[in-house]
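The chain contents come next:
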Amino acid sequence: RLRTVPSTADRRMDAGALRAAVAADRAAGLLPFCVVSTLGTTGSGAVDPLEPVTELCRSTGMWHHADGAWGGLGALVPELAAAYRGMDGLDSLTVDPHKSLSVPVGCGAALVSDPDRLRAAFSFRASYLEGGDDVPWMSDYTVELTRPGTRALKLWATLRHLGRSGVVSLLQRYQDLAAYLRERIGEHPGLDLCASGPLPVVCFRVRDSGEGPRTDHAALAARLQARGHAYLATVEHSGETVLRACICNYLTTTADLDTLVGEVLAVSEQLAGVE
Ligand SMILES: Cc1ncc(COP(=O)(O)O)c(C=O)c1O
């Protein structure tokens, strides 16, 4: 009962395909009730178009949730704001401060436009829990009864330390570092950038020389990780495994990115030598 919606060439959700999928399900007697958009896809940093999805949800009685676990806070960055237009129309949104804000794990947040719905779904008072309602009981809003206060404290401390302007400049810094890395990759004749969204995840591949076997990017990433100087993941893009650098640590510098590019080239040469 789960439908994966195709994406367009820029790796965002294809709103037309979503509309067609919903219409097909409804015609088949099914009742689609929720669409999950992504604000900052893990694989390519794309931000789904919110407004057409909300419009469809409103006209068909569906809930519009956005997974902004990694990229939800990008809405605060002026150069990204246009991509996030329509956030105020969401029914719910997840944001993980343990990702872009480097708050220690696990610190995720679910935000809802109408908290009364959560209360209606989750509120349960056993007889031994009777008490006044002058302050909200957080246990009325989720499945958890007892919870560690330190989860909120570490987020509070981070926000208190950074302030709103500090959060924006941290996220802008990640944007700038990603732009630097894209530039370094773009200018190197042996590397190719892959299409990706506006958030700071940079996907790329080692260009094949045309002679010998194609580069095994999974092997390259594994060997690079084992050398211990940089960390690079891989991701599948249209059936092809490519390299993926996600910039989300406040200590990262341009020198680290130079090291990363140097490591990729060194390991790629090593692999070519082995084969
Ligand atoms: C877009 C997105 N959603 C959800 C998750 C899962 O997050 P969590 O750390 O809360 O399990 C990830 C993790 O990478 C993610 O990138």
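Residues numbered from 1 in each chain as written. Predicted model: local features only at pLDDT ≥ 70, side-chain atom pairs only at ≥ 80, totals over all residues. Heavy atoms only, no water.

### Things to note about the pairing of strand 2 (residues 63-68)
Strand direction decides the pairing type here: strand 1 (residues 34-38) and strand 2, joined by 5 bridges, are parallel. Bridge assignment links Cys34 to a residue of strand 2, and that residue is Trp63. The β-α-β motif built from strand 1, the intervening helix 2 (residues 50-60) and the parallel element strand 2 has right-handed crossover chirality. Here 4 bridges tie strand 2 to strand 3 (residues 92-95), and the two strands are oriented parallel to one another. Each bridged residue has a counterpart across the sheet, and for Gly68 the counterpart in strand 3 is Val95. (Pairing = 2+ DSSP bridges. Helix = DSSP H or I, 4+ residues; strand = E, 2+ residues; numbered from the N terminus. Right-handed = clockwise from strand over helix to strand, strands pointing away.)

### What about the domain arrangement of the chain?
Here the chain is partitioned into domain 1 (15-162) and domain 2 (164-274). The straight-line distance from the C-alpha centre of domain 1 to that of domain 2 is 30 Å. Each side of the interface is counted separately: domain 1 has 24 residues, and domain 2 has 24 residues. When domain 1 packs against domain 2, the two sides together hide about 1,800 Å² of surface, and 68% of this comes from carbon and sulfur. Interface area lost by domain 1 to domain 2 is led by Trp70, Leu76 and Leu162, which between them contribute 29%. Counting every contact that joins domain 1 to domain 2 gives 0 salt bridges. The interface formed by domain 1 and domain 2 holds 7 residue pairs in polar contact (both at pLDDT 80 or more) in total. Each residue belonging to the side of domain 1 that touches domain 2 can be placed in one class, and the counts come to 13 nonpolar, 9 polar and 2 charged. (Domains from an automatic or database assignment. Contact = heavy atoms within 4.5 Å. Buried area = accessible area lost by both parts, 1.4 Å probe. Salt bridge = Lys/Arg side-chain N within 4 Å of Asp/Glu carboxyl O. Polar contact = N/O pair within 3.5 Å; in protein donor to acceptor, adjacent residues only side chain to side chain. Nonpolar A, V, L, I, M, F, W, Y, C, P; charged D, E, K, R; others polar.)

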